[in-house]
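Observations on chain architecture
Listed here are the chains, written in short residue letters.
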Amino acid sequence: MTPPNTKNGARSSLTRRLATGAAWAFALQATGSASTLGANAILARLLSTADFGAFLLLNSIAVLAAMIARLGLKQTVVRFVAESISRNEPGRAGHALRIVYSLVTIGAIAVGGTYAAAIGSWLASDVFYMPILATVIGTTALWICILAFQTPVAETFRGLHDIRLAVLFDGVLASVLALLTLTLVWTFYEHLAFSSAVQLMTAAAGLSLLLGTFLLRRKAKHLSGRGSTSFREVLSVSSPIFVANLATHAMTNFSIWIVGALFVARDVALYGAAWKLVMLVLLPLTLVNMTVQPVIAELNATGERVRLQNVLRGMATLAGIPSALVLTLYLVAGADVLTIVFGSDYEHARTILMILSIGMFVDVWSGSCALVLVFTGHQRQYMTITVIAGLITCSLIVVAGHYYGVTGVAAAVSTGKFIQNVATWLLVRKLTTLWTHVTFSPAFIVSAFRRLIG
């Protein structure tokens, strides 16, 4: 039997790790989100409305292509590294990293090369009818390759429990560099060429990746010795996650593609501006998910389900409070927020912002239910439910966009988010007996805050 002082020490260690990780994640990710929003706000003023819409569309394409190149290895690397370290098998973690980065290299070359050779020009001329996208095909292919490696590098730091570096190199540093550069440009120039904007974002991401790779090589040197894994084992975990990630990205990015295919570039800019602000509703849950991933893997591996549920619901509740405040702000003063951030041309996106924000809040309310499925060995069930929800959402987007315009697209996205998150939340309860959702019980909130501030 484990001595009481050992149990108390483990609880204290976990609480300190969550508190420290959450604090660093909040500080850095808040900086990153503010930098991203600031960079987009400056771009909205340096570029014409049509060019800004084209930029947002290209950004969504690059993010999806990078996700395809990663083959679902984002969560896989965290799971293998965190599990291996908790079992004292550092060699297994190191071997898994070599396999992961070999697969990402193959995926990045294949996807980036295909985009440069054929996909880029086809999207520009035959799908979105935006010739300006064809002027940056080579730069976009490079951007895709950089983004493909960016997330695995960050997730490796997370698996090693270094939340600071994980958050910093998962886009935060790149956003800060982009904001600083754009601020200088805005100081001296009134306009910026579309191609220059894409090149600037690619360069910022590239510098961040180089620094992150250098630090990771130093930090991961000790991952050798006991334990090993195989390509088959890694792919057996990553494959269903990849399909689920593809469906999730389709649910979110498909909407802006439909807007780009059915409507003019100005509508893409309005929808994209609203989408950028909506991410602030989701930000608190994003911070929580960054912190709890390795904790879920560890507590599940050791069978501590009661502690795991307390962690999940406590962190979800802490995320739900600021999300509710942001949602309220958008419902009351959405037009003013859009005008302040992007300019008066974007106040017409108020209704889109309100509808999308409601859908994102459902995501926050359900907590980290998707991560629980991934890190408790139910990735195939996660894949199935996400694919079904993705197909339903994409169908709704096409129909609603055709009949009700951009507002209909936003309503379809929120409906899909509701279906996916409620279904995933119920599935987690059925398969693991865990609840993950927010509770606004005062006693629970006070208890969660006390644990974190210790």
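Before going into details, it helps to say that this report is about the structure given with it. (Residues numbered from 1 in each chain as written. Predicted model: local features only at pLDDT ≥ 70, side-chain atom pairs only at ≥ 80, totals over all residues. Heavy atoms only, no water.)

What to know about the overall build of the chain
For the chain, the count of helices and strands is 14 helices and 0 strands. N-terminal to C-terminal, the α/β element order of the chain is α-α-α-α-α-α-α-α-α-α-α-α-α-α. When the 454 residues of the chain are sorted by exposure, 57% land in the buried category. Considering only intrachain contacts with a sequence separation of at least 6, the fraction spanning at least 24 residues in the chain is 84%. Surface summary for the chain: the accessible area is close to 18700 Å², and the carbon and sulfur share equals 65%. (Helix = DSSP H or I, 4+ residues; strand = E, 2+ residues; numbered from the N terminus. Buried < 20%, exposed > 50% of the residue type's maximum accessible area, 1.4 Å probe, protein only. Contact = heavy atoms within 4.5 Å. Areas by Shrake-Rupley, 256 points an atom, 1.4 Å probe, with all protein chains shown as cover.)

Side note on the pattern of salt bridges
Enumeration according to the criterion identifies 1 salt bridge in this entry. Close ionic contact of Asp363 with Lys417 constitutes a salt bridge, the shortest N to O distance being 3.3 Å. Pair noted here: Asp363 is in helix α11 (residues 350-365) and Lys417 is in helix α13 (residues 379-432), with a separation of 54 residues, a long-range link. Like Asp363, the residue Lys417 is buried in the burial classification. (Salt bridge = Lys/Arg side-chain N within 4 Å of Asp/Glu carboxyl O.)

A few points about helix α10 (residues 305-342)
In a regular helix each residue adds 1.5 Å, so 38 residues correspond to 56 Å; α10 covers only 45 Å between its end C-alpha atoms and thus falls short of that length. Bending of α10 peaks at approximately 95° at the position of Ala333. At the C-terminal side of α10, Gly343 shows a positive phi close to 115°. (Expected span 1.5 Å × (residues − 1). Bend = angle between axes of the 7 residues up to and from the residue.)

Overview of the environment of Trp365
Structurally, Trp365 is set in helix α11. Using a relative accessible area of 27% as the deciding quantity, one classes Trp365 as partly exposed. Once you skip the residues sitting within four places of it in the chain, Trp365 turns out to touch Trp425, His437 and Val438.

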